[in-house]
Structures are given as C-alpha cells and as structure tokens.
Amino acid sequence: MTLTAELRDILGHDRVLSEPLERWVYGMDSGVVRGDAQLVAFPETTAEVAAIVRVARHYRTPIVARGAGTGLAGGAIPTQPGLVVVLTKMNSVEIDEANATAWVGPGVINLDLSKQTEPHGFHFAPDPSSQSACTIGGNIANNSGGPHCLAEGSTVGHVLAVELVTADGDVVMLGGPAPDPIGLDLRGVVVGSEGTLGIITKALVRLTPNPPDVRTLLTGFASVEDAAATVSGIIARGVVPAALEMMDQRMTQAVERFVSAGFPTDAAAVLLAEVVGLSAAVEAEAAIISEVARENNATTLRVAADESERAKLWLGRKSAFGAVAQAAPDYYLHDTVVPRTKLVETMTRVYEIADRHGITMLNVFHAGDGNLHPLMAFDSEEEGMLDRVKAAARELVEVCVQVGGALSGEHGIGIEKRDLMKLVFNEADLDAQARIREAFDPAQALNPDKILPAGSRCFDLGRPPLEGMWV
Ligand SMILES: Cc1cc2nc3c(=O)[nH]c(=O)nc-3n(C[C@H](O)[C@H](O)[C@H](O)COP(=O)(O)OP(=O)(O)OC[C@H]3O[C@@H](n4cnc5c(N)ncnc54)[C@H](O)[C@@H]3O)c2cc1C
C-alpha cells in the first residue's frame, strides 16, 4: 500500500488530491513563501482526521492543517514534502442561544458564523479583514484579531473549548462550557499554536450580543502626527472604541479608486472609529471622539448617517489589501505591534526603509492597539525585487522591536517570522516553548519547522541540562 492508497481507502478517491496543479495551489497561502504539498486530504469528520493522522504518521509524512489559506505567514504550507489536511468541509454550526455559545466545525467561514447567529441576536466578535474567506479553525490556530478586537479582544477570549486530534491520532477535549475550567488551561495553549500541537476539529465559541446602537465616525487629518495624537487622545479620555483604524494617504487613495467609500483622498491619514452600546453611551463617546479629533486639527469629521453609509466605510477599510492590486501585481503585508506612543516615529522609519529600498509602501492598521500593517506593493517579475522586499521586511520588523514592539499582532509567526523569534525571546523562553511542543508532538510530525527556530531547545544550544532535568 502507499499513503495515497490508504488515504483514498479512508476518504474515497475524490477527497484526496495529488495532481501537480492541485499540489501547487495547496503549496501556498496568501503570503510570499512557497511550500511542497505532496498530497491534499479533505476530511469531513473528526474520526476521519484521526485516521488520516495515524496513517500519515505510519508513512512518516509531515502533516499540515489548513483552513482557507488566507494566512500571511506561511503557516499552512508544508516546508517538507507533506500532507495538507484541509478542514473546510467540517463546517457545522450548533447555536446554543440560552448560553450565547456555538459548537462550530473548524471549516466554518468567520463571516458565515456571524450571519448564522445574527437572527438570534449574536455575532462572533473577532472579525479579521479576511472574514469573508478565513475559517474559525485558522482564526483559533492563529489567535486572529480584527478591527473590532480593540474592545472585544482577539480570538483566544472567544474560545471556551477545543476538540483536538493529537499527533498520535487521539481525540481530546480541552476546556469546556465553564468560563474557568479546572486543570491546566490547555485550550489556551492550543489557541495560537498554528497547527503545531494538534488539529482542531471542533470548537465551542462565545457569541457576542449585537449592540443596541452604533456610531461610526470618519475623520481625516493633514498629518499622520495629528491622526496618531487623536488615537492616543481618545484612549486617554477613557474611551475604548469598538474599532479604531487608520489608513495613510496612499492606502486611502487606493481604496477610493477601488470601492468609492467616501474617504477624503487629500488627507494624509484617515481614522475610522466605531463605538457601540446603549444609545446614551454611544452618543457621549462619539462626542468625545469628535472633540479630540477637532483638538487635533481634523480636516474631515463625519458620522455615518445610516447603516448603508457605515457598511460602505467598512467595505472600504476591509477591501484595503485587495485595492492594492491596482498599484502592483504582488504585495507583502507585514504585521507588527508597537506602543501607541511610538506610532509616528515607527511610521517615519518604515517609510524611510521603503524609500531606501525603492519600494512602494502603503499603511493600514489597527491604530487603537498599535498593530501596524505596512504593506509593500511590488512586481515579483522585476529582477531582485523580492529580495529587496524581504530585506526591507526584516528591517521594519527590527525597527518595531527596537521601539518596544512585538513580532506579530495577529498573523502569527509561521515560517515567515520564525527566525526572528530570537529578537524577542531569550534561550530559556524558547526552550520553554519547545518543551511544550515536544510534550504534544515529540516527533514534530505536525506542521514541522514552524514558529520555533532550529536550536530552540537548550540542549540544541549546547547548554548542559539542569540537574534532574529529563532531556
Ligand atoms: C486580505 C487579508 C486580510 C487579513 N486580515 C486579517 C486581520 O484583520 N486579522 C488577522 O488576525 N488576520 C488577518 N489576515 C490573516 C488570516 O486571514 C488569518 O490569520 C486567518 O485566521 C487565517 O485563517 P485561514 O482559515 O485562512 O487559515 P490558514 O491560512 O489555512 O491557516 C493558518 C494557520 O492555522 C493553521 N490551521 C488552520 N486550520 C487549522 C485547524 N483546524 N487545526 C489546527 N491548525 C489549523 C494552519 O496550519 C496555519 O498554521 C488577513 C489575511 C488576508 C489575506
């Protein structure tokens, strides 16, 4: 028997792909790194996932879980010839209205979950800009965020339990309906583990009640400094908006050409702020935001008049990455976090890096929590361009770390930032993470080469083990 034949015994012929074009497609995600998919499997049940893992382990084939492939850090691509397990067919949703929760399959598309829970008065709060395509399994594996995570928090705060197929093909349930289950919080360990600790086959997620009222404010500024000062000013006044998003002029112009959302294209930066809650509170918070914007010389200040205007503004913001296709055929989007107070300094340095490398840089980001998304638009056909883009990317991550920031706000580490982990973690930190991974998957069969750089274990670094320590 071969792995292909055994997988087809489990799933049938049509749910195992092996043609070169199919393998090419599943060898990439939405980032710039390419991998090597040997086989692609589409399970429909947890039992099938468990059987796939056991058989792949028998053939010593690396296993990479995959949702919609919208990840930007190379998380869902096999770095060695491997089996890609696509979870999109596992897309059931069971809503528990009384408890404001839902059991969902990993393949449920983020926006579909909110659409299905809307008639019950709920939505799923984490809303990545890719929400019309990305899956809940990918959201959990990457601990994804989104424009509305400033007030609601990222995915980890919205997951109560995870059903996981382990590296041995066992099925375990981590967490449960209780908000603070007893025992070690392995659910928390698995959220954000990018497919390295197991394959998520089901999750119990919290649903967030739809707010009774909402105000969306669009502000424009003649300088990025004024926009950044407004962001800090709003938070300093005690208002934590549901969302606080910024776009620079280049991005605003690209978006306007793409969807005509009504953004002021002459502004150096625009801010999109949204407040939600009871009407009186929403009015008061919108008034504070307007006041702070005026104090910081806003050149445009508008409150969306109705739901259709609000939807248009959000369509503009969430289409930002797609809009860049007009500027160049390829883009490389980064994801780092800096302290809010360092936004202006960091952006100045980011533009300087791009200019020095001769690259077009556009910026759109979750300004409220300092989560930058510098986006480089380029043509990969141009000789040497990809190398320049990668060099600029490394420099801009270093700048963000230098000002006290983090490697990633929400897109994960994957393969893209794996070797940069040493910028923010010391040997002991990396060793602790590597030991957790070993406990789940000693053979490193699940998504090998991701997150942790080679040599993360202390003994890999030539350090003697501590007395009494098992290695
Ligand atoms: C245009 C665009 C906008 C984006 N905007 C945002 C944003 O606002 N916020 C944000 O956080 N991200 C954003 N992203 C990144 C991406 O959409 C998210 O990381 C998303 O959660 C990935 O989901 P996916 O289903 O596509 O996962 P994939 O890309 O398929 O996989 C991502 C990672 O999750 C693992 N994985 C997937 N499913 C499972 C599973 N069932 N079990 C175990 N591991 C699994 C994979 O192995 C991989 O490591 C954006 C991407 C694009 C292209």
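Coordinates for the structure precede this section.
Quick notes on the rules
Along each chain, the written sequence defines residue order, and numbers are assigned to residues from 1. Residue-level local features of this predicted model are given only where pLDDT is at least 70; pairs of side-chain atoms are given and counted only at 80 or more, and the full residue set underlies all totals for whole chains, interfaces and linings. Only hydrogens and water are removed before side-chain values are computed, so all heavy atoms of the structure are retained for them. To be near a molecule or strand, a residue needs just one of its heavy atoms within 4 Å of it. Throughout this description, a polar contact denotes any pair of N or O atoms lying within 3.5 Å of each other; where both atoms belong to protein, one of them has to be capable of donating a hydrogen while the other can accept it, and for residues adjacent in sequence the pair is counted only when both atoms sit in side chains. Residue-level accessible areas treat just the shown protein chains as cover; the underlying method is Shrake-Rupley with a 1.4 Å probe. Runs of E in the DSSP output that reach at least two residues are strands. Runs of H or I that reach at least four are helices, and both are numbered from the N terminus. Side-chain classes follow a simple rule in which Ala, Val, Leu, Ile, Met, Phe, Trp, Tyr, Cys and Pro form the nonpolar group, Asp, Glu, Lys and Arg form the charged group, and the remainder, Gly included, forms the polar group. Two strands are said to pair when DSSP picks up at least two bridges between them. Residue burial is assigned from relative accessible area. The probe radius is 1.4 Å, only protein chains are included, and a residue is buried under 20% of its type maximum, exposed over 50%, and partly exposed in between. Picture the helix axis, draw a direction to every C-beta atom, and the arc is the one those directions span. Working rule for contacts: check all heavy atoms of both residues, and any pair within 4.5 Å makes them a contact. For this analysis, a salt bridge means a side-chain nitrogen from Lys or Arg found within 4 Å of a carboxyl oxygen belonging to Asp or Glu. Only C-alpha atoms enter the line fits that serve as axes; for helices the fit covers just the stretch in contact. Angles between N-to-C directions range over 0 to 180 degrees. Angle categories: roughly parallel below 35 degrees, roughly antiparallel above 145, roughly perpendicular from 65 to 115, and oblique for all the rest. Crossing handedness is defined as follows: a turn of the near helix away from the far one that is anticlockwise and smaller than a right angle gives a left-handed crossing, while the clockwise case is right-handed.

Participant: Just to check I follow, could you spell out the site of the ligand for this structure?
Facilitator: Around the ligand, the surrounding shell holds 36 residues, and the nearest of these are Ala 65, Thr 70, Ser 130, Thr 135 and Ser 144. Contact distances for the ligand include 2.9 Å between an oxygen atom and a backbone N or O atom of Gly 69. Within the contact set of the ligand, an oxygen atom lies 3.4 Å away from a side-chain nitrogen or oxygen of Asn 447. For the ligand, the accessible surface in isolation is 980 Å², of which the surrounding protein chains cover 96%. Put simply, the parts of the chain that give the shell around the ligand at least two residues each are strand 3 (63-66), helix 5 (136-142) and strand 10 (199-206). When residues of the shell around the ligand are assigned to their parent elements, the largest contribution, five residues, is made by helix 5. In terms of residue class, the shell around the ligand is built from twelve nonpolar, 21 polar and three charged.

Participant: Honestly, the sheet that holds strand 3 in this entry has me stumped. Any pointers?
Facilitator: Whether parallel or antiparallel, the strands of a sheet pair through hydrogen bonds between backbone atoms. Judged by pairing direction, the sheet is mixed, and its four strands sit side by side in the order 1-2-4-3 without closing on themselves. Each end of this open sheet is capped by a strand with a single partner; those strands are strand 1 (16-17) and strand 3. Note: strand 1 against strand 2 (residues 37-41), two bridges, orientation antiparallel. Note that in strand 2 the partner of Val 16 across the bridge is Ala 41.

Participant: Just checking my understanding: could you explain the pairing of strand 13 (residues 243-248) for this structure?
Facilitator: Residues in a regular strand point their side chains to alternate faces of the sheet. When you tally the buried positions in strand 13, you get six out of six residues, the bulk of the element. The alternating pattern of strand 13 places Ala 243, Glu 245 and Met 247 and Leu 244, Met 246 and Asp 248 on opposite faces, both of which are buried. By the bridge criterion, six bridges tie strand 13 to strand 14 (residues 269-277) in an arrangement that is antiparallel. Paired with Glu 245 across the bridge in strand 14 is Leu 272. By the bridge criterion, two bridges tie strand 13 to strand 18 (residues 360-365) in an arrangement that is antiparallel.

Participant: Which parts of the structure should I look at to understand helix 1 (residues 3-11)?
Facilitator: Of all the residues in helix 1, the buried ones are Leu 3, Leu 7 and Leu 11. Relative to the axis of helix 1, the buried residues are bounded by an arc of 50 degrees and lie together on one face. Those residues of helix 1 hidden inside the fold are in contact with strand 1, strand 2, helix 3 (46-58) and strand 4 (82-86). At the C-terminal side of helix 1, Gly 12 shows a positive phi close to 90 degrees.

Participant: Help me understand the pattern of salt bridges, please; the structure alone is not making it clear to me.
Facilitator: Opposite charge on two side chains allows them to pair when their charged atoms are near. Summed over the entire model, instances satisfying the criterion amount to 20 salt bridges. The salt bridge partner of Asp 185 is Arg 187, with a shortest N-O separation of 2.8 Å. Looking at Asp 185, the relative accessible area reads 41%, which means it is partly exposed. As a salt-bridge pair, Glu 283 and Arg 215 come within 2.4 Å of each other at their nearest N and O atoms. You can see Glu 283 sitting in helix 10 (residues 279-295) and its partner Arg 215 sitting in strand 12 (residues 213-221), a full 68 residues away along the chain. On the basis of relative accessible area, Glu 283 is assigned to the partly exposed category, the value being 41%. Looking at Arg 215, the relative accessible area reads 18%, which means it is buried.

Participant: So what exactly am I meant to see when it comes to the sheet that holds strand 13 here?
Facilitator: Pairing is antiparallel across the open sheet formed by seven strands, whose spatial order is 15-12-14-13-18-20-16. Each edge of the open sheet is held by one strand with a lone partner, namely strand 15 (300-303) and strand 16 (330-333). Between one strand axis and the next, the sheet turns by 20 degrees as a mean value, whatever way the strands run. Bridge count for strand 12 against strand 15 is four bridges, and the pairing is antiparallel. Bridge pairing links Leu 217 to Val 303 in strand 15.

Participant: What's the story with unusual backbone geometry in this structure? I'm lost.
Facilitator: The backbone of Asn 297 shows a phi angle near 65 degrees, a positive value even though the residue is not glycine. Looking at where Asn 297 falls in the secondary structure, it is placed in the loop between helix 10 and strand 15.

Participant: For this particular structure, what's the right way to read the packing of helix 1 against helix 3?
Facilitator: A pair of packed helices is characterised by two quantities: the angle between their axes and the separation of those axes. It is the contact of helix 1 with helix 3, at a shortest axis distance of 10 Å, that shows an interaxial angle of 165 degrees. It follows that helix 1 is roughly antiparallel to helix 3 by the angle criterion. Like other packed secondary-structure pairs, helix 1 and helix 3 cross with a definite hand, here right-handed. Within the contact between the two elements, helix 1 uses Leu 3, Glu 6, Leu 7, Ile 10 and Leu 11 and helix 3 uses Glu 48, Ala 51, Ile 52, Val 55 and Ala 56. The class makeup of the residues in the contact of helix 1 with helix 3 is eight nonpolar, no polar and two charged.

Note that all results are geometric; they support no functional claim without further evidence.
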